[in-house]
Amino acid sequence: MVRTTPPRPVDLTAHLPAFTSLARTAVRLHPRPGEPTTSDSSIGGPLLWPAREPWPTCAEHAGPFLEGASVPDVMARRRILTQAWARPRERGTNLLTEDEKAVVDRVDDGAEIAQDGPSPMVPVAQLYARDVPGLPSPDGADLVQVLWCPFDHEDDGYVPSTVVRWRVAAEVTDPLAAPPLPVAVEDNYLPQPCVLHPETVVEYPAPHCLPEELAGQVHEWEKREEQKYQYELSVATGCKVGGHAPWSFSDPYPMSCPDCGADVEPLLTIASSEWDGNQSWQPIEDAGTDHPPFPAPHEPTMLMIGRGYHLQLYTCVAFPEHGHVTNMQ
Ligand SMILES: [Zn+2]
Ligand SMILES: [Zn+2]
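Keep in mind the model is a prediction, meaning the values are calculated, not measured.

Asks: I keep staring at the coordination of the zinc ion (ligand 2) and nothing clicks. Help me out?
Replies: Six octahedral donors around a metal ideally subtend angles of 90 or 180 degrees, whereas four tetrahedral donors ideally subtend 109.5 degrees. The protein atoms donating to the zinc ion (ligand 2) are C257 (SG), C260 (SG), C316 (SG) and H322 (ND1), with metal-donor distances spanning 2.1 to 2.4 Å. The coordination sphere of the zinc ion (ligand 2) comprises 4 donor atoms, whose angles at the metal cover 103 to 118°; the geometry is tetrahedral. Of the residues examined, C257 reaches a relative accessible area of 4% and is grouped as buried.

Now the structure itself:
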């Protein structure tokens, strides 16, 4: 099923023509739980990975113990809660059986799990250029893969540490059959396998990023016309490629390519939630349906970045294959 962002409440540039030159396209990925394969674009799905290429690991999380939950337990907890909320029950009866509660508690409490050596990273996103208009293609690459170490990293701003790989899919003739799994993860950082429904939308800069004069104009216009620039007209919610940066709780600061110092632009935004309270960005196909509390329809990836923020990956505008930078907003 396609996913369609509802039309914006007004045509911004008809009211404020100065915004025309600030428009950028973003591709909303619209992840939804599914069973992606290595030939699909996905969030949290398996990667098309050459068997001879070492799988990325994190030296910072090398044991002898990792504090977290096992991947099978995290997946079991999600399955248990999904099934429990779906079954009918009498008022006042427990949602979970004793056995189910034991698994849920084990994940929620965490444990020290023995780990010997650098912990393998987990797949976060795999994007084929055919599915994502405007995806950069350094050296003819038609596939980009993002992995992360599913724990907070102090040096990265208390978010997962990320790795980006660009590939030519046809060159992967010996795909890795069984990628390594970490013994433990932070459950909020293990993406639920999702298939994607890419949709191109137009974005304008977050209010913090506007030149002062335009910020003033849009503020006056908002008051006059009762419009909400930040929440309905500027930056789309949810996981996406490209577009503008969703600066929110901190003022923008300059970021540059760690390899050549050139400007960087948003590559991938991993969001905690696909739409927020005002539902302006909730796809038409998802509207009006009644859901149990778990899984929440606006949280298909089951990721929680900080207190419900975004993790953005930026790439060099000159050479996308250069090292990337990340930022949480
Ligand atoms: Zn790590
Ligand atoms: Zn660069």
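Still to come is the rest of the account.
Asks: Would you mind showing me how to read the pattern of salt bridges here?
Replies: Opposite charge on two side chains permits them to pair, given that their charged atoms come into close proximity. All chains considered together, the criterion is met by 12 salt bridges. A salt bridge links D286 to R32; the nearest nitrogen and oxygen atoms lie 2.7 Å apart. Of this pair, D286 sits in the loop between β14 (264-271) and β15 (310-316) while R32 sits in strand β2 (residues 32-33), placing them 254 residues apart in sequence. Considered together, D286 and R32 belong to a single accessibility category, that of buried residues. Here the salt bridges do not stand alone but share partners, grouping R3, R32 and D286 into one network.

Asks: Teacher, can you tell me more about helix α4 (residues 212-225) here?
Replies: Side chains that are three or four residues apart share a direction in an α-helix, a result of its 3.6 residues per turn. A rise of 1.5 Å per residue sets the reference length of α4, with its 14 residues, at 20 Å; its end C-alpha atoms lie 20 Å apart and thus fit the reference within 8%. Three or more residues of α4 are buried, namely L214, V218, W221 and E222. Buried residues along α4 cover an arc of 105° about the axis, so they all sit on one side. Projecting away from the buried face of α4 at angles above 90 degrees are the exposed residues E212, E213, K223 and R224. The elements touched by buried residues of α4 are α1 (12-15) and α5 (229-234). Count one or two residues on from α4 and you reach E226, which has phi positive near 55°.

Asks: Looking at this structure, I do not really get the sheet that holds β15. What am I missing?
Replies: For sheets, the rule is that strands pair by backbone hydrogen bonds, running either parallel or antiparallel. Taken in spatial order, the 6 strands of this open sheet run β12-β1-β13-β14-β15-β16, and their pairing is antiparallel. Among the strands making up the open sheet, the edge pair consists of β12 (199-203) and β16 (325-328). If you compare each strand with its neighbour and ignore which way they point, the axes differ by 25° on average. As paired strands, strand β1 (residues 24-28) and strand β13 (residues 240-242) are joined by 3 bridges and run antiparallel to one another. Within the sheet, the bridge partner assigned to R28 lies in β13 and is K240.

Asks: Would you explain the nonpolar core in this entry?
Replies: A general tendency of soluble globular proteins is for nonpolar side chains to be buried together. Ranked by internal contacts, the top residues of the largest apolar core, which has 35 residues, are L29, L127, W148 and L268. Looking at this core, the elements that each hand over two or more residues are α2 (71-86), β8 (122-128), β9 (143-153), β10 (159-167), β14 and β15. Built from parts of two domains, this core gets at least three residues from each of domain 1 (1-31 + 197-329) and domain 2 (34-69 + 110-187). In contact with L127, not counting residues within four places along its chain, are L29, S41, V132, L135, D142, L143, V144, L196, V241 and L268.

Asks: Can you walk me through the coordination of the zinc ion (ligand 1) in this structure?
Replies: Summarising the metal site, the zinc ion (ligand 1) is bound by the protein donors C58 (SG), H61 (ND1), C149 (SG) and H153 (NE2), whose distances to it range over 2.1 to 2.3 Å. Considering all 4 donor atoms around the zinc ion (ligand 1), angles at the metal cover 105 to 117° and the coordination shape is tetrahedral. Donor residues binding the zinc ion (ligand 1) come from one chain and are separated in sequence as C-x2-H-x87-C-x3-H. One end of the pair, C58, is in strand β4 (residues 57-58); the other, C149, is in strand β9, with 91 residues separating them in the sequence. With a relative accessible area of 6%, C58 lands in the buried category.

Rules behind the numbers
Residues numbered from 1 in each chain as written. Chains lettered and ligands numbered in written order. Predicted model: local features only at pLDDT ≥ 70, side-chain atom pairs only at ≥ 80, totals over all residues. Heavy atoms only, no water. Donors = N, O, S within 2.8 Å, 3.2 Å for Na, K, Ca; no water. Tetrahedral: all angles 85-135°; square planar, octahedral: opposite > 155°, others 65-115°. Buried < 20%, exposed > 50% of the residue type's maximum accessible area, 1.4 Å probe, protein only. Salt bridge = Lys/Arg side-chain N within 4 Å of Asp/Glu carboxyl O. Helix = DSSP H or I, 4+ residues; strand = E, 2+ residues; numbered from the N terminus. Expected span 1.5 Å × (residues − 1). Arc of directions from axis to C-beta. Contact = heavy atoms within 4.5 Å. Pairing = 2+ DSSP bridges. Axes fitted to C-alpha atoms, helices over the stretch in contact; angles between N-to-C directions. Core = buried A, V, L, I, M, F, W, Y, C linked by side-chain atoms within 4.5 Å. Domains from an automatic or database assignment.

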